[in-house]
Structure formats: C-alpha cells, structure tokens
Amino acid sequence: MNNQWFSKIAVWMVIAMVLFTVFKQFDTRSAAGSGYMGYSEFLDEVKARRIKSATIQEGQGGTEIVAVTQDDRRVRTTATYLDRGLVGDLIANDVKFDVRPREEGSLLMTLLVSWGPMLLLIGVWIYFMRQMQGGGKGGAFSFGKSKARLLDESTNPVTFADVAGCDEAKEEVKEVVDFLRDPQKFQKLGGRIPRGLLLVGPPGTGKTLLAKSIAGEAKVPFFSISGSDFVEMFVGVGASRVRDMFDNAKKNAPCIIFIDEIDAVGRQRGAGLGGGNDEREQTLNQMLVE
C-alpha cells in the first residue's frame, strides 16, 4: 500500500473516530435530557405513589434508574451509588422494580475505546512528521533538492535530423558533440571542451530543441531545468538547488545541463535590491562557482 492510500485511510479513520465520539456524547446528553429528573425529586415522586415501576441499572459511573409513572410517562434519574434505602421506599410504596447487575465490558474493548483515538492521532502525527522531514517523496523539507528533469539515451530520441533551419548553430555545436563522443582525440592535442554555451534568440526559435539534439547526438544524459525553478521565497534555496543539480550531473558525467530562460537569475551582479543577500544574487554566484 503506497503512502497516498495510507494517508487517505488515516484521515478517514480520524474523521470517523471524531464523529463517533461527538455523536456518542450527543446521544448521551439527549437521553439524559429526555424525561430526566433529579434524584431527590424522584424520591418525592416515589413517596407520593406517582411511580408505577422502575428498573435499576448499576454501572461504572453510578446507578441509573429508569421509571414509569402512573400516567405512563418514562422518566430517568441517576445516583452516584445504589441507595439501600431506595429499595425499602419502592417496596413500601408498591413500586414494581427490577435490579440489573453491572455489565462488565471486555478489557480489549475498554482499552480500544479509551486509548484508540489517542493512539490513532499519535500515529497520524508521526506519519505526517516523517513526510515533512522528507521521509516521503517531495517532503516539506526537500526545498533544496534540484527540480531538473533527467533524460537519458532511451528517453531522448532527438538528434540533429530533427532540427531544421539552424544550420549555422548546428555547425557551431558539432565540435561539442565530437568532444563528448571521443574526448581523448582532443585531449591529446591539448584541447578543452567548452564549459558552457549561451543560446540567444526569441522564443520559439529552437534553443531547447537544439540543446536536446546535442545530448541525443552525443548519447549523454540531459538535465533540463528552468531558471525560474531556482527562485523561491526562502533564502538559500536557489543556491542549494544549483549545488544539488551539479552534484547529480557529476554522478552522470559526461552529461549536459540545459538551463532554460537563465535570464530569470542571470543578470548583472549587485543589481538586486538586497545586494549580496538577494536570493537571485546567491543563485547566480553559486551557478558561476559550479
């Protein structure tokens, strides 16, 4: 059973337990308020011979007495203990009565009713705390994890054959593809692969498609993320996501990281309102360090 089903079942169990407790209290109060009279008033009714019959039920919370009056009204009263003088009063005033013994519930049911809701709430609280601490997928404290989407050779079928109208751009990046395919050939001559490429152009000109085609031609993993994914309301989250993204990339090296719309964070340093403490400033600095 996955975490989603478990959380739904736990929530519904809590709701059912709360409703059961509320309705039970409401039913008890309603029953107590229906034809209820004080114990001293009940004794006065007995002595005045206005009670026809009575049933005495001993319970854990005291003694409950359900009586029928001469005009066939049903009344009830409670006492904290069984008054031994009550029996004599009932006999003296010709009241038919029945005394029922105390009903003993099972220990398991008593423990379940008493501690069940508390244990259930504690279990649900522990479950959601583990979820918040990152125990489940997308925990509340996993802000610093990278949101980059990884495409490998099997999930990225795009090649240069799928890119049309960017012949000059394709010629520029073919050297990168050749280096990724056979890096020793360039390293023997002292060549170094470019650490980054900046694709500039209006929206819809094929920058993302060209980046995917480079990874597809070189058959290397492709990490794709938007610049806006680094920006959050919490300070330091963007820089943490940059570090996590590059850590994942190093584990899959050689690979390509494509940051779409990098202008969301890539701007002139020191231009932010917060200066060096600005969230975009920290994200940009961490990106330059990596």
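Structural notes, computed from the coordinates. Here the structure is a predicted model, which means the values were calculated and not measured. (Residues numbered from 1 in each chain as written. Predicted model: local features only at pLDDT ≥ 70, side-chain atom pairs only at ≥ 80, totals over all residues. Heavy atoms only, no water.)

1. A few points about a nonpolar patch on the surface
Keep this limit in mind: For patch building, the residue pool is restricted to those with more than 30% relative accessible area and no salt bridge; the joining distance is 9 Å between like charges and 5 Å between nonpolar side chains (Val, Leu, Ile, Met, Phe, Trp, Tyr). Only the protein chains shown count as cover for residues, with accessible areas throughout obtained via the Shrake-Rupley method and a probe of 1.4 Å. Salt bridges are identified by distance alone: a Lys or Arg side-chain nitrogen within 4 Å of an Asp or Glu carboxyl oxygen. We count a stretch as a helix when DSSP gives it H or I for four or more residues in a row; a strand needs E for two or more, and each element gets its number in order from the N terminus. Classification of residues uses two cut-offs on accessible area relative to the type maximum, computed with a 1.4 Å probe and protein chains only: under 20% is buried, over 50% is exposed, and between them is partly exposed.
A contiguous nonpolar patch, built from Trp115, Met118, Leu119, Ile122, Trp125 and Ile126 and spanning about 680 Å² of accessible area, is present on the exposed surface. Its location among the elements puts tryptophan 115 in helix α4 (residues 107-132). What makes tryptophan 115 exposed here is its relative accessible area of 52%.

2. Brief notes about the packing of aromatic side chains
Our working definition: The rule is short: rings of Phe, Tyr and Trp, with Trp giving its six-membered ring, pair when the centres are within 6.5 Å, and they are stacked under 30 degrees, edge-to-face over 60, tilted in between.
Per the counting criterion, the structure on display carries two aromatic pairs. Taken together, a centroid distance of 5.3 Å and an interplanar angle of 40° make the contact between phenylalanine 179 and phenylalanine 186 tilted. According to the relative accessible area criterion, phenylalanine 179 is buried, its value standing at 10%. With relative accessibility at 21%, the residue phenylalanine 186 sits in the partly exposed group. Ring plane angle 20° and centroid distance 6.1 Å describe the contact between phenylalanine 222 and phenylalanine 258, whose orientation is recorded as stacked. Placement of the pair is phenylalanine 222 in strand β6 (residues 222-226) and phenylalanine 258 in strand β7 (residues 256-260), with a sequence separation of 36 residues. Each member of the pair, phenylalanine 222 as well as phenylalanine 258, carries the same accessibility label: buried.

3. A word on the layout of surface pockets
Here is the rule we go by: Here the term cavity refers to a set of points on a 1 Å grid, laid over the protein atoms alone, in which a 1.4 Å probe fits but cannot get out; the term pocket refers to an open set having protein on both sides within 12 Å along at least five of seven lines, with lining residues being those that place an atom within 4 Å of a point. Grid points are joined across faces, edges and corners, and a volume is the space filled by probe spheres set on the points. Throughout, the ten residues Ala, Val, Leu, Ile, Met, Phe, Trp, Tyr, Cys and Pro are labelled nonpolar, Asp, Glu, Lys and Arg are labelled charged, and all others, Gly among them, are labelled polar.
Of the voids in this model, the largest pocket is the one considered here, and its volume is about 1,500 Å³. The wall of the largest pocket is formed by 41 residues, among which Arg195, Gly196, Leu197, Ile257 and Phe258 lie closest to the centre. Counted by class, the lining of the largest pocket contains 26 nonpolar, seven polar and eight charged residues.

4. Side note on the nonpolar core
Heads up, the rule is: Take the buried residues of types Ala, Val, Leu, Ile, Met, Phe, Trp, Tyr and Cys, join any two whose side-chain atoms come within 4.5 Å, and each joined set is a nonpolar core. Here, two residues are considered to be in contact whenever any of their heavy atoms come within 4.5 Å of each other.
Grouped together as the largest cluster of nonpolar side chains are 16 residues, with contacts concentrated most on Phe160, Leu180, Ile214, Val220, Phe222 and Ile256. Elements supplying a minimum of two residues to this core: α5 (167-181), α7 (207-218) and β7. Beyond its immediate chain neighbours, meaning those up to four positions away, valine 220 contacts Leu151, Leu180, Ala215, Pro254, Cys255 and Ile256. Formed by 15 residues, the second largest nonpolar core is a distinct cluster that contains Ile51, Ile65, Ala67 and Val95.

5. Some thoughts on the sheet that holds strand β5 (residues 149-151)
Quick reminder of the rule: DSSP calls a pair of strands paired once it identifies at least 2 bridges connecting them. Comment: axis = line fitted to C-alpha atoms, over the contacting stretch for helices; angle = value between 0 and 180 degrees taken between N-to-C directions.
An order of β5-β6-β7 is seen for the three strands of this open sheet, with the pairing classed as mixed. Edge positions in the sheet fall to β5 and β7, since each has one partner strand and no second. Across the sheet, the mean angle from the axis of one strand to that of its neighbour is 20°, orientation sign disregarded. Sheet topology places β6 next to β7; five bridges connect them, and they run parallel. Within β7, the position partnered with serine 224 by the bridge is phenylalanine 258. In the packing of α7 onto the sheet, the strands contacted are β5, β6 and β7, and the crossing angle to β7 comes to about 175°.

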